[in-house]
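# Structural overview
Okay, here's what each chain looks like letter by letter:
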Amino acid sequence: LEVKLLKQEEQFAKNIEREKNEKQRAEFNKQLAEVQLTALNAQMNPHFIFNCMNSIQKYVLKNEKERALGFLQNFSELMRIVLDNSVKPKVQLDEEIKMLDKYILLEQQRLDNHFTYRIDVDKTLQTDFFEIPGMIIQPYVENAIWHGLMNKTDTENQGILTLAFNKENNYIKCVITDNGVGRGKAAELTKS
């Protein structure tokens, strides 16, 4: 009986140790994922930032003070949002939409209103309730602008970018559409 109790005690100790190790591994993986996400959030395309600074410089050199100040105001607001959100593993959907609005507005201004945009949010979607990883949508919007709309040569029809947010089942659905040249044509233009 004593040997049996000793074996059970050993097995119990092993189980506790294994559970402890699994908990530590899970906690480590969670922390690693949060660090990686924070690093991703802290990155905004450096080209975008330098291009914005060049746009401000262009407005100043052309003595367009109002445009320079407006652009600088929007740029600083965007940077504040990005920096505030970069320390959070997730952000509220309304914060992400606000960041996207500022980002698209800057791209629109920087590109001399080459396109218009619209952000549609379903009225039943509680944007202050849902949380998503920050900056998860911005790269797709950037691709729509730079590989779709910027390659558009049809001057009669201005470029249009639309973001639509709604709730589908238990998920948030974001659809990004543009009337740009399409992926095939953009790939051809990139090659040449």
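Just so it is clear, the structure is predicted and the values come from calculations on it, not from any experiment.

### What about the packing of aromatic side chains?
Under the criterion given, the structure shown has two aromatic pairs. Centre to centre, the rings of Phe129 and Phe130 are 5.4 Å apart; their planes meet at 80 degrees, and the pair counts as edge-to-face. Phe129 gets classed as exposed once you look at its relative accessible area, which sits at 58%.

### Description of the packing of helix 2 (residues 46-61) against helix 3 (residues 65-86)
Taken N-terminus to C-terminus, the directions of helix 2 and helix 3 make an angle of 160 degrees; their axes are 8 Å apart at the nearest point. Relative to helix 3, the element helix 2 is oriented roughly antiparallel. In the crossing of helix 2 with helix 3, the sense of the turn from one axis to the other is left-handed. In contact with Phe48, Ile49, Cys52, Met53, Ser55, Ile56, Tyr59 and Val60 of helix 2, helix 3 contributes Arg67, Ala68, Phe71, Leu72, Phe75, Leu78 and Met79. Among the residues forming the contact of helix 2 with helix 3, the class breakdown is 13 nonpolar, one polar and one charged.

### Considering helix 2
Counted at 1.5 Å a residue, the expected span for helix 2 with its 16 residues is 22 Å, and the 22 Å between its end C-alpha atoms agrees. Along helix 2, the residues that are buried comprise Phe48, Cys52, Ser55, Ile56 and Tyr59. The buried residues of helix 2 occupy an angular sector of 95 degrees when the element is viewed end-on, so they sit on one face. What points out from helix 2, more than 90 degrees from its buried face, is the exposed set His47, Phe50, Val60 and Leu61. Turning to helix 2, the residues buried within the fold contact helix 3 and helix 4 (93-110). Just beyond helix 2, the residue with positive phi is Asn63, at close to 60 degrees.

### Observations concerning the packing of helix 3 against helix 4
A pair of packed helices is characterised by two quantities: the angle between their axes and the separation of those axes. Contact geometry for helix 3 and helix 4: axes closest at 10 Å, N-to-C directions at 145 degrees. Crossing handedness for the pair helix 3 and helix 4: left-handed. Across the interface between the two elements, Arg67, Phe71, Asn74, Phe75, Glu77, Leu78, Ile81, Val82 and Asn85 of helix 3 pack against Glu95, Lys98, Met99, Lys102, Tyr103, Leu105, Leu106, Gln109 and Arg110 of helix 4. Considering only residue class, the contact of helix 3 with helix 4 consists of nine nonpolar, three polar and six charged.

### Focus on the pattern of salt bridges
Pairs can form between side chains of opposite charge once their charged atoms are near each other. Overall, the coordinates contain eight salt bridges when judged by the stated rule. Where Glu77 meets Lys102, a salt bridge forms, and the shortest distance between an N and an O atom there is 2.5 Å. Of this pair, Glu77 sits in helix 3 while Lys102 is found in helix 4, placing the two residues 25 residues apart along the sequence. In this structure Glu77 comes out as partly exposed when scored by relative accessible area, which is 27%. Assessed through its relative accessible area of 16%, Lys102 is described here as buried. Connected through shared salt-bridge partners, Lys58, Glu64, Arg67 and Asp112 make up one network.

### Some points on unusual backbone geometry
Positive phi is not limited to glycine here, since Asn63 has a value of about 60 degrees. When its relative accessible area of 55% is taken as the criterion, Asn63 is described as exposed. If you check the backbone angles, Asn169 has positive phi at about 55 degrees while not being a glycine. Looking at the element boundaries, Asn169 is found in the loop between strand 4 (159-168) and strand 5 (171-178).

Parameters and conventions
Residues numbered from 1 in each chain as written. Predicted model: local features only at pLDDT ≥ 70, side-chain atom pairs only at ≥ 80, totals over all residues. Heavy atoms only, no water. Phe/Tyr/Trp six-rings, centres within 6.5 Å; stacked < 30°, edge-to-face > 60°. Buried < 20%, exposed > 50% of the residue type's maximum accessible area, 1.4 Å probe, protein only. Axes fitted to C-alpha atoms, helices over the stretch in contact; angles between N-to-C directions. Helix = DSSP H or I, 4+ residues; strand = E, 2+ residues; numbered from the N terminus. Parallel < 35°, antiparallel > 145°, perpendicular 65-115°, else oblique. Left-handed = near helix turned anticlockwise from the far one by under 90°. Contact = heavy atoms within 4.5 Å. Nonpolar A, V, L, I, M, F, W, Y, C, P; charged D, E, K, R; others polar. Expected span 1.5 Å × (residues − 1). Arc of directions from axis to C-beta. Salt bridge = Lys/Arg side-chain N within 4 Å of Asp/Glu carboxyl O.

Coordinates in, geometry out; function isn't part of it.
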